[in-house]
Amino acid sequence: MNPGNFSSIGINRVRRFILPGLAAASLFLLVFGCSASGTLTHPIFPVIRFINPEAERIPGRYILVIDPPLRSLQADVRPSSQTCGAHDFPVRVGNAFAHLLINTLRYRFDEIVLEREFPPPGALEERGMKGAIFLRLDTFNPTISCPFAGSCIERTEVVLWVRFVDGQGRVLLNEGIRGEYEEKGGSIVECAKIAPHLDHSVSEALKEAAVNLLKRIGDVLAP
């Protein structure tokens with residue numbers, strides 16, 4: 001088995017492999033712009049299109065613990081430059097990122113058991129668990145910069161800290177997993193148009209972090 005077998009596949013092929021439950025449970029990131037009318041949304045779909053559907057599932061039962069801040073992700077973003085600096089862009093991700101991570105891991109593992117606390121040493125083997133994963137938020141930093149000429153730049157950085165142990169409590173992973181994305185859109189004369197580009201920047205950075213999490217787990221479990 002090679003759990004580290006990941007590759008991109010075309011969108012037409014993706015549709016044939018999307019699990020009905022995940023397809024129905026598409027997640028949404030909400031971004032509210034003070035100068036924009038209404039609520040702007042951008043879907044955060046499960047990241048299974050980045051995974052080789054022919055790769056074998058990871059067998060066994062694994063505990064997953066998600067730190068509470070990951071379930072209420074938010075930030076208040078104001079352009080760092082003087083232009084458009086009077087505009088606030090509150091980003092409210094809420095529980096969407098946590099659901100994205102849960103559904104992504106469930107796609108690759110035979111069984112993911114959600115729990116509130118990381119199990120003490122020895123408890124995993126007693127319960128017949130193959131391992132445990134703890135996820136916490138290290139960094140969530142969406143930014144906006146608007147030059148006097150040209151488009152504004154919306155950039156998001158997210159760092160997800162993961163602790164992954166096997167059934168005997170041996171640490172397999174204890175590191176930060178990064179996701180980044182940069183978008184250009186809006187300008188000093190179109191500040192209201194920044195919001196959807198910030199929205200897209202945030203959602204793409206979160207998806208990249210989820211993909212990189214799976215890749216690292218696949219790396220450490222590969223024979």
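Residues numbered from 1 in each chain as written. Predicted model: local features only at pLDDT ≥ 70, side-chain atom pairs only at ≥ 80, totals over all residues. Heavy atoms only, no water.

Enquirer: Run through the overall build of the protein, naming residues and quoting values.
Expert: For the protein, the count of helices and strands is 5 helices and 9 strands. Written out in order from the N terminus, the α and β elements of the protein read α-α-β-β-β-β-β-α-β-α-β-β-β-α. Within the protein, the fraction of its 223 residues that count as buried is 46%. Summarising the internal contacts of the protein: among those between residues at least 6 apart in sequence, 73% fall at separations of at least 24. Put simply, the protein shows about 10,600 Å² of open surface, and 50% of that area lies on carbon and sulfur atoms. (Helix = DSSP H or I, 4+ residues; strand = E, 2+ residues; numbered from the N terminus. Buried < 20%, exposed > 50% of the residue type's maximum accessible area, 1.4 Å probe, protein only. Contact = heavy atoms within 4.5 Å. Areas by Shrake-Rupley, 256 points an atom, 1.4 Å probe, with all protein chains shown as cover.)

Enquirer: Lay out the packing of aromatic side chains in plain terms, naming residues and giving numbers.
Expert: Tallied over the full model, the rule gives 3 aromatic pairs. Aromatic pair Y62 and F164: ring centres 6.0 Å apart, planes at 45°, arrangement tilted. Highlighted residues: Y62 in strand β3 (residues 58–66) and F164 in strand β8 (residues 153–166), separated in sequence by 102 residues. Relative to F134, the ring of F118 has its centre 6.2 Å away and its plane inclined at 75°; by these criteria the two rings are edge-to-face. Separated by 16 residues along the polypeptide, F118 in the loop between β6 (109–115) and α4 (123–126) and F134 in strand β7 (residues 131–145) bring together distant segments of the chain. Members of the aromatic cluster, joined through ring pairs, are Y62, F109 and F164. (Phe/Tyr/Trp six-rings, centres within 6.5 Å; stacked < 30°, edge-to-face > 60°.)

Enquirer: Lay out the environment of V113 with the relevant residues and their values.
Expert: Positionally, V113 belongs in strand β6. For V113, a relative accessible area of 16% puts it in the buried group. If sequence neighbours within four positions are ignored, V113 has contacts with R61, Y62, I63, L64 and M129.

Enquirer: Give me the confidence of the model for the protein: which residues, what numbers.
Expert: Predicted confidence across the protein gives a mean pLDDT of 78, with 75% of residues reaching 70 or more. Between residues 1–46, whose pLDDT stays under 50, and residues either more than four places distant or in other chains, the model counts 114 contacts. (pLDDT = per-residue confidence, 0-100.)

Enquirer: Can you lay out the nonpolar core for me, pointing to particular residues and giving the numbers?
Expert: Within the largest apolar cluster, 45 residues are counted, with the highest numbers of intra-cluster contacts made by V93, F97, L105, L135, F140, L213 and I217. Top contributing element to this core by residue count: helix α5 (residues 194–221), with 11 residues. Among all residues touching L105, those that are not within four sequence positions of it are L64, I112, L135, L213, L214 and I217. In terms of nonpolar packing, the next biggest core, distinct from the first, is built from 8 residues, V65, M129, A132 and F134 among them. (Core = buried A, V, L, I, M, F, W, Y, C linked by side-chain atoms within 4.5 Å.)

Enquirer: Could you give me a rundown of the state of the cysteines, with the residues and numbers involved?
Expert: Throughout the structure, instances matching the rule amount to 2 disulfides. The cystine pairing of the protein, numbering bonded cysteines in sequence order, is 1-4, 2-3. (Disulfide = S-S within 2.5 Å.)

Enquirer: With reference to specific residues and values, describe the environment of L105.
Expert: Note that L105 resides in helix α3 (residues 96–108). Distance in space between the C-alpha atoms of L105 and A210 is 8.8 Å, their sequence separation being 105 residues.

Enquirer: Tell me about the sheet that holds β6, and name the residues and values.
Expert: With mixed pairing, 5 strands are arranged side by side in an open sheet as β6-β3-β7-β8-β9. Looking at which strands have only one partner, the edges of the open sheet turn out to be β6 and β9 (171–184). Looking at each pair of strands side by side, their axes are set apart by 25° on average, direction ignored. Across 6 bridges, the pairing between β3 and β6 is parallel. Bridge pairing in β6 links Y62 to I112. Sitting on the sheet, α5 is in contact with β3, β6, β7, β8 and β9, with an inclination near 155° to β9. (Pairing = 2+ DSSP bridges. Axes fitted to C-alpha atoms, helices over the stretch in contact; angles between N-to-C directions.)

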